[in-house]
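Structural features, examined
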Amino acid sequence: MPTPATVDLAAFYANPDRSVAVLNYNARFITSIFDLVNSDELASFVQVFLADQRTKVPAEADATTTFNLATPAVYLATIKAILTDRPDAYQRFQPAEILASIEDLYSYYRTFLRVATMTSQQNDVMASEFMTIDQRFNDLVIRLYRTIEEKLQGHANQVYRQVNAGSSACMLLQQIAWPAPTEYTSLQDIPFISRLMLRPPMMVHTKSNKRKGHFTASATNPIANFTGSATDWYCYPAMIGESLAYIYFHRDYLASGIALANLFQLADSQAIAGKKPDLILLFGSPSAAGDEQPENGHYFYDEANGVYVGQVPYNDQTTYFGYMKKMCLTLHNLHMIAEKRLPIHGSMVKIIFTNGQTKTVVFFGDSGAGKSESIEALQAVADDQIANIETIFDDMGSFTLADGHLYAQGTETGAFVRLDDLSSEVAFNNMDRGVYMNPEQKNARVIIPANTWSRVVAHHEIDMWVYANNYDDAVGVQRFADQAVAKETFIAGKRRALGTTDEVGMSTTFFANPFGPVQEEAATRPIIDAVFDQLFADDVYIGEIYTHLGNDKSQEKLNASARALLTELLAL
């Protein structure tokens, strides 16, 4: 089935292929239902809708009496006749058929991720009122829909559903001056997101639901191939751990771009003004000639300017949010390795027990090893022994050794969680804040906020570090008595793949982290040696927990392993 053509007006952009729409309130803000039904923006979308519907109309349908076969002009003229109560409104089409089509149009529009934008020039009034302005448009759209609906059905509704009729999110944009080196001047006109409002729960659908391959180094700075403009690109300034990242993305990647708000701290626009970032990502920009895996992401270290630059090409595969998240983390981890810090692919929690003890645990392993599931199992079996569990980081952190003292920090303020292996309780408890990615598919994910940035980047002591073993049949936990055996286990990075990437069966990944350590193994190994030396010198518990996620997926056995871990923790 051919995809309807993209709409690209000053005030409205809609790409049916990506189910993304952008409403530019600065270009035009519609204030009445009659302005809306007479607008070029609505006319253009009706044309997209009718093009989509024509393939669903039976071949024998009569074009003169079938409303979904009407031209956009006739379609809108009929709506206007209904709104003004003209006696000839139903001369050609039956009210029931018109109502069915209006319902389909309304539903089709809401299948798009609809992001409204406003540009602020240091205007405090707009900064405080942008959500109110967006709400007015949402109210207008739902009022138009209900007016048409109730006129067609001949009576008022008995039940009203207050859905997000106009927009899914709203961004306040701002120009921020930063000391861009000469090579990066093409980025200076691209607006930064200074405020962002989401309307959760958000159900987002992308054309891909799995990550493939690895990110590799490029011999060419990705900025050399960048051709984006302020019209179709945005910048999400993020604090990834303590790294300042300018994440530039094409508007067709808005699903990934705005989902960043639930994962990485949006940097304060005033605090970053005049600052050069540690990391730059160009998401939706072409690969360089000669790049390995040109359909995948690449990175480059601009030594002269002291910045890591990443690039992910525009294609259907990279619409999966994992590409956005993992490229951000790859750049951050490369930055950490350069600063002699050890990137940790894992989850860290701080547990407050009812007996007054406080302990921290880091669960370590590659995607699908069972890190998040182990934490969930720990909560399930703790009964009244645990007063609170605080997530320090959900997927990626770092260990820093300074003056003989080792501490951990996180990177993300949220979590990108696989729904397949989580209990419904965890998913539904966070539904009102979540951004759900392809919730009906395998490897369905939700992005939820988890902690504040200040808590994530604080220096945290490490009481226990366990490898998430998802392949062995053993139950419980074991502590490594031998440092060499422990280090070998963590470096080998063994796991049984669960379908979250393109890997199958048993696999090994250097230090269970394909996002930085794999790319810079030689630079990472001395840091690993120093960290293990310090941990064993400090007598920190280093072990492994058997999660069973890669073999029988037994919840009973995982719970038994969690109980064993709980016992060890309380004994420390």
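Above this text is the structure in question.
Residues numbered from 1 in each chain as written. Predicted model: local features only at pLDDT ≥ 70, side-chain atom pairs only at ≥ 80, totals over all residues. Heavy atoms only, no water.

As a further point, take the overall build of the protein chain. Helix and strand counts for the protein chain come out as 14 helices and 27 strands. For the protein chain, the C-alpha radius of gyration of 26 Å lies close to 25 Å, the compact-globule estimate for 572 residues. Across the 572 residues that make up the protein chain, the buried fraction comes to 58%. Taking the intrachain contacts of the protein chain between residues at least 6 apart in sequence as the baseline, contacts between residues at least 24 apart amount to 75%. Across the protein chain, the mean location of the 44 positive side-chain charges is 4 Å away from that of the 66 negative side-chain charges. (Helix = DSSP H or I, 4+ residues; strand = E, 2+ residues; numbered from the N terminus. Rg over C-alpha atoms; globule rule 2.2 N^0.38 Å. Buried < 20%, exposed > 50% of the residue type's maximum accessible area, 1.4 Å probe, protein only. Contact = heavy atoms within 4.5 Å. Lys, Arg positive; Asp, Glu negative; His and termini not counted. Charge placed at Lys NZ, Arg CZ, Asp CG, Glu CD.)

Attention shifts here to empty space enclosed by the protein. The final tally for this structure, using the stated rule, is 4 cavities of 30 Å³ or more. Computed from the structure, the largest cavity encloses a volume of approximately 470 Å³. Among the secondary structure elements, those contributing two or more residues to the lining of the largest cavity are strand 3 (20–24), helix 2 (40–54), helix 3 (72–83), helix 4 (95–110) and helix 5 (124–153). Among the elements that line the lining of the largest cavity, the one with the most residues is helix 5, at 5 residues. Here the lining of the largest cavity is composed, by residue class, of 21 nonpolar, 2 polar and 2 charged. As a volume, the second largest cavity reaches approximately 280 Å³. When the residues that make up the lining of the second largest cavity are grouped by side-chain class, the tally is 4 nonpolar, 9 polar and 9 charged. (1 Å grid on protein atoms, 1.4 Å probe; cavity = no way out; pocket = protein on both sides within 12 Å on 5 of 7 lines; lining within 4 Å. Points joined across faces, edges and corners; volume = space filled by probe spheres on them. Nonpolar A, V, L, I, M, F, W, Y, C, P; charged D, E, K, R; others polar.)

For the rest of this paragraph, the subject is the layout of surface pockets. Volume-wise, the second largest pocket comes out at about 450 Å³. Lining the second largest pocket are 24 residues, and of these R110, F112, S168, M203 and V204 sit closest to its centre. Of all elements in the fold, only strand 4 (113–119), strand 7 (202–204) and helix 6 (254–259) reach the threshold of two or more residues within the lining of the second largest pocket. For the lining of the second largest pocket, the element with the most residues is strand 7, which contributes 3 residues.

When you line up the elements, R341 lands in the loop between helix 8 (321–338) and strand 15 (342–353). Within polar-contact distance, the side chain of R341 engages the side chain of Q409 at 3.1 Å. Residue contacts for R341: discarding those within four places in its chain leaves E242, M336, F399, T400, Y407, Q409 and I527. (Polar contact = N/O pair within 3.5 Å; in protein donor to acceptor, adjacent residues only side chain to side chain.)

Taken together, the 4 strands give an open sheet; going across it, the order is 7-21-22-20, and neighbouring strands pair in mixed fashion. In this open sheet, the two edge strands, each paired with only one partner strand, are strand 7 and strand 20 (414–418). Averaged over all pairs of adjacent strands, the angle between strand axes in this sheet comes to 20 degrees, irrespective of strand direction. (Pairing = 2+ DSSP bridges. Axes fitted to C-alpha atoms, helices over the stretch in contact; angles between N-to-C directions.)

This part covers the nonpolar core. One finds F45, Y75, I79 and I102 to be the most contacted residues of the largest nonpolar core, which totals 50 residues. With 10 residues, the single largest contributor to this core is helix 5. Look past the residues within four positions of F45 in its chain and what remains in contact with it is F12, A14, L105, Y108, Y109 and F112. Membership of the second largest hydrophobic core comes to 49 residues, among which are M171, L173, L260 and L279. (Core = buried A, V, L, I, M, F, W, Y, C linked by side-chain atoms within 4.5 Å.)

Before going further, it helps to examine the packing of helix 9 (residues 371–381) against helix 14 (residues 555–571). Closest axis-to-axis distance for the helix 9/helix 14 pair is 8 Å, and the angle between their directions is 75 degrees. With respect to helix 14, the axis of helix 9 lies roughly perpendicular. In contact with E373, S374, A377, L378 and V381 of helix 9, helix 14 contributes Q555, L558, N559, A562, R563, L565 and L566. Looking at the contact of helix 9 with helix 14 residue by residue, the classes come out as 7 nonpolar, 3 polar and 2 charged. (Parallel < 35°, antiparallel > 145°, perpendicular 65-115°, else oblique.)

Attention shifts here to the packing of aromatic side chains. The full count for this structure, using the stated rule, is 36 aromatic pairs. Aromatic ring contacts, followed pair by pair, group F12, F45, F49, F67, Y75, F93, Y108, Y109 and F112 into a single cluster. When the ring centre of Y106 is taken as origin, the NZ or CZ atom of R110, which lies over that ring, is 4.4 Å away. Here the basic side chain of R251 rests over the ring of Y13, its NZ or CZ set 3.6 Å away from the ring centre. (Phe/Tyr/Trp six-rings, centres within 6.5 Å; stacked < 30°, edge-to-face > 60°. Lys NZ or Arg CZ within 6 Å of the ring centre and 35° of its normal.)

The next thing to look at is unusual backbone geometry. Each neighbour pair has its own omega, and for P200 with P201 the value is -5 degrees, a cis peptide bond. One non-glycine residue with positive phi stands out, namely D539, at about 60 degrees. Along the chain, the position of D539 falls in the loop between helix 13 (521–537) and strand 27 (541–546). For D539, a relative accessible area of 56% gives the class exposed.

So, about the pattern of salt bridges. In the structure shown here, the tally under the stated rule is 21 salt bridges. The partner of K151 in a salt bridge is D85, and the shortest N-O contact between them spans 2.8 Å. On the criterion of sequence distance, the pair formed by K151 in helix 5 and D85 in the loop between helix 3 and helix 4 is long-range, its members being 66 residues apart. Overall, D85 belongs to the exposed group, its relative accessible area being 55%. Overlapping salt bridges bring together D17, R18, K207 and D316 as one network. (Salt bridge = Lys/Arg side-chain N within 4 Å of Asp/Glu carboxyl O.)

Moving on, we come to helix 2. The α-helix winds at 3.6 residues per turn, so residues separated by three or four positions along the chain end up facing the same way. The terminal C-alpha atoms of helix 2, which comprises 15 residues, lie 21 Å apart, in line with the 21 Å expected from a rise of 1.5 Å per residue. Restricting attention to buried positions, one finds in helix 2 the residues E41, L42, S44, F45, V46, V48, F49, L50, D52 and Q53. Among the structural elements, strand 1 (7–8), strand 2 (12–15), helix 1 (33–37), helix 3 and helix 4 are those in contact with the buried residues of helix 2. (Expected span 1.5 Å × (residues − 1).)

The subject of this paragraph is the pairing of strand 10 (residues 243–250). The element strand 10 is largely enclosed, with a buried count of 8 among its 8 residues. On strand 10, burial covers both faces: S243, A245, I247 and F249 on one face and L244, Y246, Y248 and H250 on the other are all buried. Pairing between strand 9 (residues 233–240) and strand 10: 8 bridges, direction antiparallel. What sits directly across from P237, in strand 10, is Y246.

Here we take up helix 8. The terminal C-alpha atoms of helix 8 lie 26 Å apart, and with 18 residues this matches the ideal 26 Å at 1.5 Å per residue to within 8%. Of all 18 residues in helix 8, 17 are buried; the element is thus mostly enclosed.

A word on the environment of A402. In this structure, A402 sits in strand 18 (residues 396–402). Along the chain, A402 and R341 lie 61 residues apart, while their C-alpha atoms are 9.5 Å from each other.

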